[in-house]
Amino acid sequence: MLALVLLSACSLLTDHYGAPADLADTAPIEVTVPPGTSPRSVGAILQEAGAIDSAEDFTMYVRISKEGGCLKAGRFRLHRAMDAHTILETLCGVPLPEDEPFTIVEGWRIREIDAALAAKGWTQPGEYAALVQSPQGFAAPFALPSDSLEGYLFPETYMVIPDKWDTRAFVQRQLDTLAERVYAPNKEAIAASKRPFSDIVILASMLEREEPTPAQRPLVAGIIWKRLDSGWNLGIDATSRYTLDEWNDRKAFLKKLRDPSDPYNTRLRQGLPPTAIGNAGTTAFEAAISPVASEYWYYLHDSKGVLHPGRNVAEHEALRRKYNVY
């Protein structure tokens, strides 16, 4: 009989100390439990987060119930309608994943990355762009430009922790990824090419936009390098789109093609454009580093995106007429 009385009293106490803060409030509350937190000390963390009203009551519940021995570190989603038992059960379960994927698409310019970050709410509009266009203080195993990191901001799906977002740290991570994925494994080939890495970055960015089929990029890279080395105008229309607000704004693009003062107009100006025109992925970089030599000097794509190289002006013009490409 005494045992039953004690059991009943214990149940009443746990019901009292473990009662929900507000049965009607199911708004999610994220709580971070640091490593080493004990069940008896977690009450203060829960009270500070607003998940419970009284750390003392919660600690008393733990003492009486002896629950929570499997408490885990990490982030958890709770709400004020949970009783102490449910809270402890949740804190003994699987923590929320800390990382969130953020994808930078191959070919994106600084402006697209900036807009995507601002849309996430992780930066203010223009914050990322301002940082990478005044890139002092960043480190890399290759020389970095002083005016813009366009082309060096490696496109990838990065796992990030939104609550711990640091724009400068993210940019450095992009540079580190470029070094790891492109520069380090191709260091000997880059040296053998006798071309500055900065030129390779620019050419890779053009390949990313010019040739949609990765298998064809080495051939196109060979044609572009050959034209560049021979002092020919590159004639790559994608470069004239670089400064447009909208990449596919045809009216603004046609105007750019007729503008000899535009430094990105490779139809009317010799040499590489002053910066990369976007951020290239691995296959574009590999093609720029290891191009395929050929007899071709020209190329075009038909309406289906199929590549058609030409050996001379006459052949190129015939291909233009055949596929109606002008």
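Computed from a predicted structure; not experimentally measured. (Residues numbered from 1 in each chain as written. Predicted model: local features only at pLDDT ≥ 70, side-chain atom pairs only at ≥ 80, totals over all residues. Heavy atoms only, no water.)

Moving on, we get to the packing of helix α9 (residues 197–210) against helix α10 (residues 217–229). As a packed pair, α9 and α10 sit with axes 10 Å apart at the nearest point and diverge in direction by 125°. When the axes of α9 and α10 are compared, the pair comes out oblique. In this structure, the crossing between α9 and α10 has a hand that is right-handed. Only Arg217, Val220, Ala221, Ile224 and Trp225 of α10 make contact with α9, whose side of the interface consists of Asp199, Ile200, Leu203, Met206, Leu207 and Glu208. Partitioned by chemical class, the residues of the contact of α9 with α10 number 8 nonpolar, no polar and 3 charged. (Axes fitted to C-alpha atoms, helices over the stretch in contact; angles between N-to-C directions. Helix = DSSP H or I, 4+ residues; strand = E, 2+ residues; numbered from the N terminus. Parallel < 35°, antiparallel > 145°, perpendicular 65-115°, else oblique. Left-handed = near helix turned anticlockwise from the far one by under 90°. Contact = heavy atoms within 4.5 Å. Nonpolar A, V, L, I, M, F, W, Y, C, P; charged D, E, K, R; others polar.)

Our next topic: the side chain of Thr239. Residue position: Thr239 is located in helix α11 (residues 238–241). Polar contacts involving the side chain of Thr239 include one to the side chain of Thr266, which spans 3.0 Å. In this structure Thr239 touches Met206, Tyr264, Thr266, Pro273 and Ile277, once residues within four positions along its chain are discounted. (Polar contact = N/O pair within 3.5 Å; in protein donor to acceptor, adjacent residues only side chain to side chain.)

A few words now on the state of the cysteines. All told, the structure shown has 1 disulfide when counted by the stated rule. With its sulfur 2.2 Å from that of its partner, Cys70 forms a disulfide with Cys92. Between Cys70 and Cys92 the disulfide shows an S-S torsion of about 110°. By sign, it is right-handed. Note that Cys70 is positioned in the loop between α3 (55–65) and β2 (74–78) and Cys92 in the loop between α4 (84–91) and β3 (100–103), a separation of 22 residues in sequence. With a relative accessible area of 15%, Cys92 lands in the buried category. (Disulfide = S-S within 2.5 Å. Buried < 20%, exposed > 50% of the residue type's maximum accessible area, 1.4 Å probe, protein only.)

The tally for this structure, following the rule as stated, stands at 14 salt bridges. A salt bridge links Arg80 to Asp25, with the shortest nitrogen-to-oxygen separation between them at 3.7 Å. A residue pair is termed long-range when its members are at least 10 positions apart, and Arg80 in the loop between β2 and α4 and Asp25 in the loop between α1 (2–17) and β1 (29–33) qualify at 55 residues. What makes Arg80 buried here is its relative accessible area of 17%. Arg195 serves as the salt-bridge partner of Asp229, at 2.7 Å between the closest nitrogen and oxygen. Of the two residues, Asp229 sits in helix α10 while Arg195 sits in the loop between α8 (187–193) and α9, which places them 34 residues apart along the sequence. One salt-bridge network, in which partners are shared between bridges, spans Asp25, Asp53 and Arg80. (Salt bridge = Lys/Arg side-chain N within 4 Å of Asp/Glu carboxyl O.)

Under the defined criterion, the tally for this structure stands at 14 aromatic pairs. Measuring from ring centre to ring centre gives 5.2 Å for Tyr183 and Phe197, while their planes differ by 75°; the resulting arrangement is edge-to-face. With Tyr183 in helix α7 (residues 167–183) and Phe197 in helix α9, this pair connects stretches of sequence that are 14 residues apart. According to the relative accessible area criterion, Tyr183 is buried, its value standing at 13%. In this structure Phe197 comes out as buried when scored by relative accessible area, which is 9%. Three or more aromatic residues joined by ring pairs form one cluster here, namely Phe102, Trp122, Tyr158, Trp165 and Phe170. If you follow Arg209 out to its NZ or CZ, it ends over the ring of Trp247, 3.7 Å from the centre. Above the face of the Tyr298 ring, Arg227 is positioned so that its terminal group lies 5.1 Å from the ring centre. (Phe/Tyr/Trp six-rings, centres within 6.5 Å; stacked < 30°, edge-to-face > 60°. Lys NZ or Arg CZ within 6 Å of the ring centre and 35° of its normal.)

So far we have only geometry, and geometry alone does not tell us how the molecule works.
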